[in-house]
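Reading the structure
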Amino acid sequence: MSSEEEQELTEALEVEEVEDADIGLSDSSASKARLLDDREREEDEDSGDEFDDIDIADSDDDARTRFRVKSVIRRRSAVRRSGRALKCCLLFGFIVSGIAMAGIAIHRYGPKQVPSGNSQFSAVLKSPADTASYKVFKLENGIKVLLISDNATLNLPMAVSVNVDAGFFNEPAEYPGLAHFLEHMLFLGSEKYPAEGGYANYLAMNGGSSNAGTNTDYTNYYFHVNQDAGANALDMLAQFFISPTLSKDGVAREVKAVDSEFRNSLSNDAFRRERFLSLMSSQQSQASRFAVGSVETLNKPGVLTALRKFFKEQYTSDRLSVAVWSTDKLENLEQLVRQSFSAIPKTTSPEFIPRAPFPHESRAQMGHYGTINGDDTINVYFQIEPIRGKERRRPVDLIVHLLAHEANGTVLAKLRHVGWATALRGYTDESNVGYALLTFTIQLTVAGKEHNNEIIGMLFDYLRLIQSSGITQHVWNDMLALDEIEFEFNRPFTDPTSAISGLARRLGRISSPADLLSPPSRSIWDPEMALNIVKTMTPDNVIVLIGSSEDAGFTHYDPLYAFNFTRSTIGRVQRERWQSQKRDPFFKIPGANPYVPDIKTLTALQEQLPIPAPELLVNVAGKKLWWYPNHEFSRVPKVSIDITLYTDVERIQQDDVTLHTLMALWLSMVEKALSTLTYNAHLAGLSYGLSHSVSSLHLTVTGYADVKPLRLYLTTLLESIFKTALDSALRFTRVQTEMARSLRLFDRRNDIFEHAKVFKNLLLHKYNVAAQPDKVLSAVESMTHDQVAGFVTTFTGALTAVGFVHGSVSRSEAKALFDMTPEFPVDLDTVRHQETIALGPSSRPVYRSLTTEAAAINSAVYDIIPIGASCEVAGISITTYTMGCSQASLRRTVFIQFLVQLISDECFDQLRTKEQLGYIVYCGFTKFVNQQQLVAVVVSPSRNVTYVESRIQSFLASFAVTLENRLSDPSRWAQLRTSVRSVLSRPDNSFEDLTYRLRAEIHQARFQFDVNAQLLSELEHVTDPMSVVNFYNDILQSKRQLSIQIYNKEETSLHAGDNILDESSLPAWRRSHRTYVPLSRVSYGI
């Protein structure tokens, strides 16, 4: 594995997952998708392999060749489908990258008419917004290749992925984890490029990075890099599969990295649940195996021979698929691929069909196990016939859409009504050849864990309702309605790196290039297939895993993952009770969705004229509104509404603990009130975010720019925030109970690294509710409904609203939407809204905390060196509401861009690969509340904090020498300058990225909407490489440092001059270092 995932894990930034829905065609579009008769559909599905050379140029405007690619991370349906696939993504610390690796949602549905016959297989079908050219072909050795050329986005990096249709299901039983181990080993060099860190260093020097992940039946490798460095990087990756080193020395070291990865997984409930499922499965099935690997399973005689044999027999050319996205021409890309990958010899391997994990005699099982984080869950599994090859009929999507629906009349609505559950999720992996596993997970409340059998009975009750009612046309149409809009409007390849892996994987699974991008016109309405699956989802075929926060009389112990469990057969009496229980009249099939936007309205939207920067539309007492039209992404008719409501902390008169407890209870009540009300809106592409700070409430709303459903949604949100959420004392009691439970389980629910991130936030920015759980727990338990209601009245008694509307709405429409917020004007100058902590140069604060986490993790060290503001004020223009960054801050940011290209991979290579300190290792730069920081993070399973801290400091010091040596080479300095210029020249990839950037400039009161242009200009003045070296040395000499150290055992050794902080001394330290930024900066740029 490379260091990219560690960077994602350790930047201490929240990753926001947008769960859009299973949605698509309108009524008329659905009828078009049904033009194929049954005979033609069967011919389509059964057509043979048609990978002759196929080109599709960007000038092709045939309606049948239109479709778009979108990352699976933004689709609820795709997340559901990736359930089983998530297993190894999680197993390898690959959550964010793993989801992105799925690449594109497998199913897309749109309004385009499908012609009869097989003529539709003649090209890759793409969307109207897709400006790329495609070519799909096979090399002489059988490797499938996808080339994508798109010169409409010149500054994006080249992205490449190689997928191998072999995973841990293919490995020999004697060496559990061998497939994952091979994935690690391939990064350690090849005969042509023998340097172990050569691949990573080359990518880093050229603005890129790489990663990989091993799954059940495939392994995926990918990278991105600056366009001009793509040829060499592609050849380096190709050598992975031609002549990897696979050395004895590499085995001895890298097995420790795999073992560290395994140790890191021991405190994760997802791993434990999947381990328990493997124990429940047939031991003749590949699903019963241990997939990660460890010292015990891999550090034994013969492993190197087994590695080489596995590589030779499983990494055959017929199992390889290569996908390349670039701005270069197709003919040039083809030449590069042929030069690098034709050297792989032509080899084949027989089709592999894994054994199903649950034969009939292994079903009707129930297991109980203890959870790590204290959650109570019910996990219901149904093994069904394989879906692979029939995905276009969407049987599982239909079932999940109904059974995991959240609107009134559904299973989850009932469970929330009685207070037994908070969430129900459904998903499957349809890629396996031999079987598919359909999974439903229910998150229980304290009350719900006493009603397991009743809750499972509700699922079977609703399944019988589906079977008796049938799957009606309106359900299908609602699922497909938004896909028509997505098909018509959304831009493909806003992030080629996240999409390319899924395309490489899909390339090896499809029989025709027409299905590559899953065009909506290829969708097939087949309710009978879904109903046939529902008929098999009976108590006789179910497997149930119940995760318990308490000891449930467990009788067995798993020594590998160190947990207790019980397992038993579900008795005949219980199965009959589930199957024949009286129908609950509460349950009903969801009706039509009122929030689906009108495609005609969106199509009729006029293209907006560009303006240079966001415009201040409203500037009156108590209200400020910024607006920016959607002209950069005019094909995407979306809108984002951002509203922040500020109050004055002086009016509230509460201590930190009480204030945050009140805010947290209030917003939790709001979210609980909205859960059922807004589900249909979420299916229709609308979403909201709600957060708070010391003295503000922040609401964001995003969706398509059809004002009618948007206003309906915003009305629902605002009414809940200010009124209906507070009406129910019962809702308060349930929220209070769940929050208290969560706080009691804080140590169990947060691993050692999460503790470090919480304390960073606590020390440097704002009070974190979870940072001192005992105090907050006491406050939660003593709080009353009347206190929260009174607090909300006080909080909202005098507010300032600052808004930002970005999207395909006019000035007047933006004002009308913003005017829906309540008016409680207050003088801006009296408001203090942003609290920060200023570190002084006199001492080095060290925050130490003893964790109760299992001994698998020994320590975590999070070192932070503040550098300076990302933009310091140089000039102000109140007339235009802009200010300029100082040259010093711009120069500092440019220097950081140089260091970013180098330090992360050097750190990874030294502290993880060579010193084997732990699986999570990261060094780099982050921006925290407008404060740039150098951070170093290590989570170690074997070393104490004193040792880890010493190695971090040693690396930071030695990197100064490495940096000087690297930059003293004129060619490397020129290469690095080119890489930095390329990074700074990259445009916003998507509407969402642009919204985020502009919103951040407004909220942080920087107003630097063209900051990258300023940085590019400043880059031209950085001509001396020693200036970068001197800048780094100045950072190291800074006394403004902070170290957060989480440990399992008492330690007493400290650095000279350290100022030790703990829970008792922390409040006084915060008070003495606390500062506020006045709100007036947000409004006037002052």
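Along each chain, residue indices are assigned from 1 in the same order as the chain's sequence is written. Selection of residues for local features in this predicted model requires a pLDDT of at least 70, selection of side-chain atom pairs for listing and counting requires 80 or more, and totals for whole chains, interfaces and linings are taken over all residues. To get the side-chain values, all heavy atoms of the structure are used, and hydrogens and water are removed first.

Re the environment of Val639
Put simply, DSSP marks the helices as runs of H or I at least four residues long and the strands as runs of E at least two long, and each gets a number from the N terminus on. As for its position among the elements, Val639 is in strand E17 (residues 638–646). The criterion used for residue contact is that any of the two residues' heavy atoms lie within 4.5 Å. Contacts of Val639, omitting those with residues within four sequence positions, involve Val701, Thr702, Gly703, Tyr704, Ala705, Leu710, Val805, His806, Gly807, Val809 and Phe991.

Overview of the sheet that holds strand E19 (residues 696–704)
Within the open sheet, the six strands sit side by side as E15-E16-E20-E17-E19-E18. Their pairing is mixed. Sheet topology places strand E15 (615–620) and strand E18 (687–692) at the edges, where each strand pairs with a single neighbour. For this sheet, the mean inter-axis angle between neighbouring strands, taken without regard to orientation, is 10°. DSSP calls a pair of strands paired once it identifies at least 2 bridges connecting them. In this sheet, strand E16 (residues 623–629) lies alongside E15 in antiparallel orientation, the contact comprising five bridges. Lines fitted to the C-alpha atoms define the axes, with helices restricted to the stretch that makes contact. Angles between their N-to-C directions range from 0 to 180 degrees.

Describing the side chain of Asn206
Structurally, Asn206 is set in the loop between helix H8 (198–205) and strand E5 (209–214). Here the term buried applies to any residue with accessible area under 20% of the maximum for its type, exposed to any over 50%, and partly exposed to those in between, with areas from a 1.4 Å probe on protein chains only. By relative accessible area, Asn206 is classed as buried at 5%. Distance and chemistry together define a polar contact, namely a pair of N or O atoms within 3.5 Å, with one atom able to donate a hydrogen and the other to accept it when in protein, and with adjacent residues in sequence counting only for side-chain atoms on both sides. Among the polar contacts listed, one links the side chain of Asn206 to the backbone oxygen of Tyr202, at a separation of 2.8 Å. Setting aside its immediate chain neighbours within four residues, Asn206 contacts Val225, Asn226, Ala229, Gln901, Gln975 and Ser979.

Structural notes on the sheet that holds strand E11 (residues 436–444)
The sheet built from seven strands is open, its strands ordered E10-E11-E9-E12-E8-E14-E13 with mixed pairing. Since the sheet does not close on itself, it has two edges, and those belong to strand E10 (421–429) and strand E13 (556–558), each with one partner. For this sheet, the mean inter-axis angle between neighbouring strands, taken without regard to orientation, is 20°.

Details of the pattern of salt bridges
Between side chains of opposite charge, pairing is possible as soon as their charged atoms come close. Salt bridge, as used here: a side-chain nitrogen of Lys or Arg that lies within 4 Å of a carboxyl oxygen of Asp or Glu. All chains considered together, the criterion is met by 35 salt bridges. With a shortest N-O distance of 3.9 Å, Lys623 and Asp819 are connected by a salt bridge. Highlighted residues: Lys623 in strand E16 and Asp819 in the loop between helix H32 (811–818) and strand E21 (832–837), separated in sequence by 196 residues. The class for Lys623 is buried, based on a relative accessible area of 7%. The exposure class of Asp819 is partly exposed, given its relative accessible area of 45%. A salt bridge links Arg999 to Asp642, with the nearest nitrogen and oxygen atoms 3.7 Å apart. Note that Arg999 is positioned in helix H36 (residues 991–1003) and Asp642 in strand E17, a separation of 357 residues in sequence. Taken individually, Arg999 and Asp642 each receive the classification buried, so the pair is uniform in this respect. What emerges from the salt-bridge pattern is a single network uniting Lys135, Glu140, Glu334 and Arg338.

Considering the packing of helix H17 (residues 452–469) against helix H20 (residues 527–536)
Where H17 contacts H20, the two axes come as close as 10 Å, and the packing angle between them is 145°. For H17 against H20, the interelement crossing comes out left-handed. Judged by residue contacts, Leu463, Ile466 and Gln467 of H17 engage Leu531, Val534 and Lys535 from H20. Each residue gets one label: Ala, Val, Leu, Ile, Met, Phe, Trp, Tyr, Cys and Pro are nonpolar, Asp, Glu, Lys and Arg are charged, and the others, such as Gly, are polar. Split by residue class, the contact of H17 with H20 holds four nonpolar, one polar and one charged. Helix crossings get a hand from a simple test, with the near helix turned counterclockwise from the far one by less than a right angle marking a left-handed crossing and a clockwise turn marking a right-handed one.

Quick look at the pairing of strand E20 (residues 800–807)
Taken across its eight residues, E20 has eight buried, putting it largely inside the fold. Covered by surrounding structure in E20 are Thr800, Val802, Phe804 and His806 together with Ala801, Gly803, Val805 and Gly807, the residues of both alternating faces. Where E16 and E20 come together, seven bridges link them in parallel fashion. Bridged to Tyr628 within E20 is His806. Bridging between E17 and E20 involves eight bridges; their strand directions are antiparallel. Paired with Leu645 across the two strands is Ala801, which belongs to E20.

Notes on the packing of helix H9 (residues 230–240) against helix H14 (residues 330–341)
Between H9 and H14, the least distance of the axes is 9 Å, while the angle of their chain directions is 30°. In the packing of H9 onto H14, the handedness of the crossing is right-handed. Residues Ala231, Leu234, Asp235 and Ala238 of H9 lie in contact with H14, whose contacting residues are Leu336, Val337, Ser340 and Phe341. Classifying every residue of the contact of H9 with H14 gives six nonpolar, one polar and one charged.

Concerning the confidence of the model for the protein
pLDDT measures how confident the predictor is about each residue, on a scale from 0 to 100. Mean pLDDT over the protein: 79, with 78% of residues reaching 70 or higher. Note that pLDDT drops below 50 for residues 1–122; the model gives that stretch 403 contacts with residues more than four away or on any other chain. Predicted confidence for residues 1077–1086 stays below pLDDT 50, and this span has 39 contacts to residues more than four positions away or in other chains.

Observations concerning the state of the cysteines
A pair of sulfur atoms, both from cysteines and within 2.5 Å, is called a disulfide here. A complete count under the given rule lists one disulfide for this structure. The residue that forms a disulfide with Cys907 is Cys923, at a sulfur-sulfur distance of 2.3 Å. The chirality of the disulfide connecting Cys907 with Cys923 is right-handed, given an S-S dihedral of about 45°. Of this pair, Cys907 sits in helix H33 (residues 887–914) while Cys923 sits in strand E26 (residues 920–928), placing them 16 residues apart in sequence. Grouping residues by exposure puts Cys907 and Cys923 together as buried.

Focus on the nonpolar core
To define a nonpolar core, start from buried Ala, Val, Leu, Ile, Met, Phe, Trp, Tyr and Cys residues and group those joined through side-chain atoms within 4.5 Å. Ranked by internal contacts, the top residues of the largest apolar core, which has 72 residues, are Ile641, Trp666 and Val788. The biggest single contributor to this core is helix H24 (residues 656–677), with 12 residues. Excluding residues within four positions of it along the chain, Trp666 makes contact with Leu697, Ile721, Leu726, Val788, Phe791, Val792, Phe795 and Thr796. Counting 59 residues, the second largest nonpolar core, distinct from the first, contains Leu139, Leu178, Phe181 and Ala291.

Focus on H36
Helices are assigned an expected span. That span is 1.5 Å times one less than the residue count. The terminal C-alpha atoms of H36, which comprises 13 residues, lie 18 Å apart, in line with the 18 Å expected from a rise of 1.5 Å per residue. Residues of H36 that are buried include every one of Phe991, Leu994, Thr995, Leu998, Arg999, Glu1001, Ile1002 and His1003, and no others. Positioned one or two residues after H36, Ala1005 has a phi angle of 60°, which is positive.

Focus: H24
The end-to-end C-alpha distance of H24, which contains 22 residues, comes to 32 Å, matching closely the 32 Å that a straight helix rising 1.5 Å per residue would cover. H24 sits mainly inside the fold: 16 of its 22 residues count as buried.

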